[in-house]
Every structure is written in C-alpha cells, then in structure tokens.
Amino acid sequence: MRASLASLIIAATAAGLAPGAQAQEVVLRGVSSFAENSFYSRRFEKFIERVNNEGKGVLRIQYIGGPKAMPPFEVGNALKNGVVDIANVTGAFYTNVMPEADAWKLTERPMAELRRNGGFDYMQKLYAEKMNAHFLARTVDNNPFHLYLNKPITGADLSGLKLRITPVYRDFFQAQGATVIQTAPGEVYTALERGVVDGYGWPITGILDLGWHEKTKFRVDPGFYSAEVSILVNKRKWDGLTPEQRAILIKAGEEIEAAHAEVVKENDEEAAKQKNAGIQVINLAGSTGEEWRKKAYEAGWAGVVKQSPEHGPKLKEFFAKPQ
Ligand code: 173
C-alpha cells in the first residue's frame, strides 16, 4: 500500500513535468509604479485586460495595484527578486538597480527603429544581466517632459528655484542652477501645497488625473526628452513560460508599441485641458527654446555617461538622432 502510494506520487509528478503535458494556468503578480487608472497606468491596465481575455486557462495577470501596494522606487528591486512577476515602471524609478535604464528618456528614434538598429537588444542584455528582467514593451513614448512652476521665469536660468525631481530631470535642472529634491509622484501635491518646492518636472500628460493643476501656475515650453514607461517581466519567470504563454504577452506588448503615435494626440488634448484649468504657458521662444532643449539633452547624456561610462556612449549611438 505504502509503496504503491509512493509510486503514484512519483508518476503524477513526472506527468506534471513531462514535455507536452497540459500546462497549468500561470498567474503573474503585477504592479504599476503609477497610480491606478491614471495616465501612466492606463495602457498597462488595458494590456492586462487583453492578456487575461486571450490567456484564459493558460496565463493570467493578477493586478496587485499601484503605489499604494508598492512604493514606486522599490518596484525595480521587487521585480529583480521575483517579489512581483510583471511591472509597469519607468527607468528613473530603478536607477539603483540599473542606472542605464534612465537613458530611455533620451531616445529620439521610434521603438520600432531601436528594435531594428541593435539599441533594443543592447538594452535587453543589460536588463538580463543587471536586473534579472525581460523588457517586454514600452507603453509610453512621444510624450515630452516639462518644467511646471509656481514662480515665473524669463529665461533658461533656474537659479533660486527649488524643484521636485526624479533622476529624469536631475542633471538638466541642476545644470540650469536649480536646487533639487527627489520625491515619488505621490508626494508632489503636498510639496506644492506646503510650498516646499517652487515647481516640478513631469511629462505633458497626467497632471489633471493627479489633481496637481490645483497647485500649478505655469508650464514651461518647449518640452524635452520622451517619457518612457515600460512593462518588464522577471526573467526567471519569463524563461519558465511556455511559448504559448509568451506569445500572449508578446502580442499584447506589440499592440501597445504599434500605437505609440496615438500618444501625440493625447498630448495635445492634455495641453488644452491644462489651459482650461488655468495653467499659463511660459514659452521660451526661438533660440532660447532651442538652447533649452539642447542643454536638456547635453546634460541628460552627460549624466548617463557619468553613471555608466561603459554603456552610456554606446546607448547614445543607438538612441540619439542621427547627426
Ligand atoms: O516625474 C516622474 O516621476 C518621472 O520620472 C516620470 C517618468 C515617466 C513618466 C512619468 C513620470
């Protein structure tokens, strides 16, 4: 009796591991580093819906939630260590794990081109080596960052201003003379309300979702860089998926990247909403504006190369606009 029970267990285990056996539904635990149902989570949330529809019985994403579930700057480590399996996160939030990830903000070529020119593959290798991660898809591109202020400026000089930053803006704003303090997005509203900061960096979209328009007087134009938010999968988990399971994720990811052009329309809609909310534009026109953008890229790349002397220059070759 005892022996036959043991042999049954062995047989059942072998069947479970045998190639070609019906795989069990895999559940991936997912988090977003942005507030649930806000602009920077919405594409990921649609992606989850799509995956869960197409993956019935094969693959499912269990959405744990946004920053209430996990602080944004901890998402990178949590993904690396397998505390979560899939994450919607921007490179600036995990420079502690992989400093090079912040370079995505400097891409001046579409992802489709980077996937052809070797730039994407170069990064994918770094994700595997440094972060135990598989880069699935970029959810946001074509989406410039701006400086938002409560005190007016007349030129590119930011000295005397205290600004909220993440690694995205640090090198640029400091080069222009600002004092900077890093906070997660969740702390921006209170920092503005209490006058702890005179302004902040943020992309063109999402301010109204977060209520920040109530505490914001000015937006500085032109914008600079291109916001990057992407879906990453823990590499061990990814490697353990069947081809069928991976195909579901790949397809849903490809659909997102194929729709990057749509972001431009959303940028324009959001600028109109900001205007209606009373946010005034400080337009650094003509050569001042050109200089502003030029300095942003110079300071940005200098920062990336300083953080990663080995990979920074290579990434610039792939990502920057051809000279
Ligand atoms: O400002 C930020 O918190 C930030 O770095 C960011 C990056 C991408 C999208 C939105 C915000």
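Residues numbered from 1 in each chain as written. Predicted model: local features only at pLDDT ≥ 70, side-chain atom pairs only at ≥ 80, totals over all residues. Heavy atoms only, no water.

Re unusual backbone geometry
And step 1. Geometrically, the link from Asp221 to Pro222 is a cis peptide bond, its omega value of 5 degrees lying close to zero.
And step 2. Position of Pro222 relative to the elements: it lies in strand S9 (residues 218-224).
And step 3. Here the phi dihedral of Asn37 falls at roughly 60 degrees; this positive angle occurs in a residue that is not glycine.
And step 4. Structurally, the position occupied by Asn37 is in the loop between strand S1 (26-32) and helix H2 (39-54).
And step 5. Not every positive phi belongs to a glycine, and Tyr225 is a case in point at roughly 65 degrees.
And step 6. By the element assignment, Tyr225 lies in the loop between S9 and strand S10 (229-234).
And step 7. Its relative accessible area of 5% is what places Tyr225 among the buried residues. (Helix = DSSP H or I, 4+ residues; strand = E, 2+ residues; numbered from the N terminus. Buried < 20%, exposed > 50% of the residue type's maximum accessible area, 1.4 Å probe, protein only.)

A word on the sheet that holds strand S3 (residues 86-89)
And step 1. Spatial ordering of the open sheet is given by S2-S1-S3-S10-S4, a layout of 5 strands whose pairing is mixed. Two strands bound the open sheet, and with one partner strand each, they are strand S2 (59-65) and strand S4 (133-140). Between one strand and the next, the sheet's axes are offset by a mean angle of 25 degrees, whatever the strand orientation.
And step 2. Pairing of S3 with S10 involves 4 bridges; the strand directions are antiparallel. Across the sheet, the residue bridging to Asn88 is Ile231, located in S10.
And step 3. Each of S1, S2, S3, S4 and S10 touches H2; the most contacted strand, S2, lies at about 150 degrees to it.
And step 4. On the sheet, helix H5 (residues 119-131) packs against S4 and S10 and is oriented at approximately 130 degrees with respect to S4. (Pairing = 2+ DSSP bridges. Axes fitted to C-alpha atoms, helices over the stretch in contact; angles between N-to-C directions. Contact = heavy atoms within 4.5 Å.)

Some remarks on the domain arrangement of the protein chain
And step 1. For the protein chain, the domain assignment lists domain 1 (23-143 + 227-264) and domain 2 (145-225 + 279-313).
And step 2. In this structure, domain 1 and domain 2 have C-alpha centres spaced 25 Å apart.
And step 3. Listed per partner, the contact involves 23 residues of domain 1 and 24 residues of domain 2.
And step 4. Both sides of the domain 1 and domain 2 interface together cover about 2000 Å² of buried area, and 69% of this is carbon and sulfur.
And step 5. Together, Phe73, Lys105 and Leu106 form the three largest contributors to the area buried by domain 1 at its contact with domain 2, with a combined 30%.
And step 6. Here domain 1 is connected to domain 2 by 1 salt bridge.
And step 7. Its salt-bridge partner being Asp209, residue Arg42 comes within 3.0 Å of it at the nearest N-O pair.
And step 8. In this structure, the connection of domain 1 to domain 2 is made through 8 residue pairs in polar contact (both at pLDDT 80 or more).
And step 9. Mapped by element, the contributors of at least two residues to the side of domain 1 that touches domain 2 are H2 and H5. (Domains from an automatic or database assignment. Buried area = accessible area lost by both parts, 1.4 Å probe. Salt bridge = Lys/Arg side-chain N within 4 Å of Asp/Glu carboxyl O. Polar contact = N/O pair within 3.5 Å; in protein donor to acceptor, adjacent residues only side chain to side chain.)

Observations concerning the pattern of salt bridges
Two side chains bearing opposite charge may form a pair once their charged atoms approach each other closely.
And step 1. If you walk through the whole model with that rule in mind, you get 20 salt bridges.
And step 2. The partner of Glu257 in a salt bridge is Arg115, with the nearest N and O atoms 2.8 Å apart. Of this pair, Glu257 sits in helix H10 (residues 243-258) while Arg115 sits in helix H4 (residues 111-117); the two residues are 142 residues apart in sequence, bridging distant segments of the chain.
And step 3. Relative accessible area serves as the criterion here: at 33%, Arg115 is assigned to the partly exposed category.
And step 4. Across the pair Asp141 and Arg138 runs a salt bridge whose closest N-O atoms are separated by 3.2 Å.
And step 5. For Asp141, a relative accessible area of 3% translates into the label buried.
And step 6. In this structure, a network of salt bridges that share partners links the residues Arg50, Glu54, Lys251 and Glu255.

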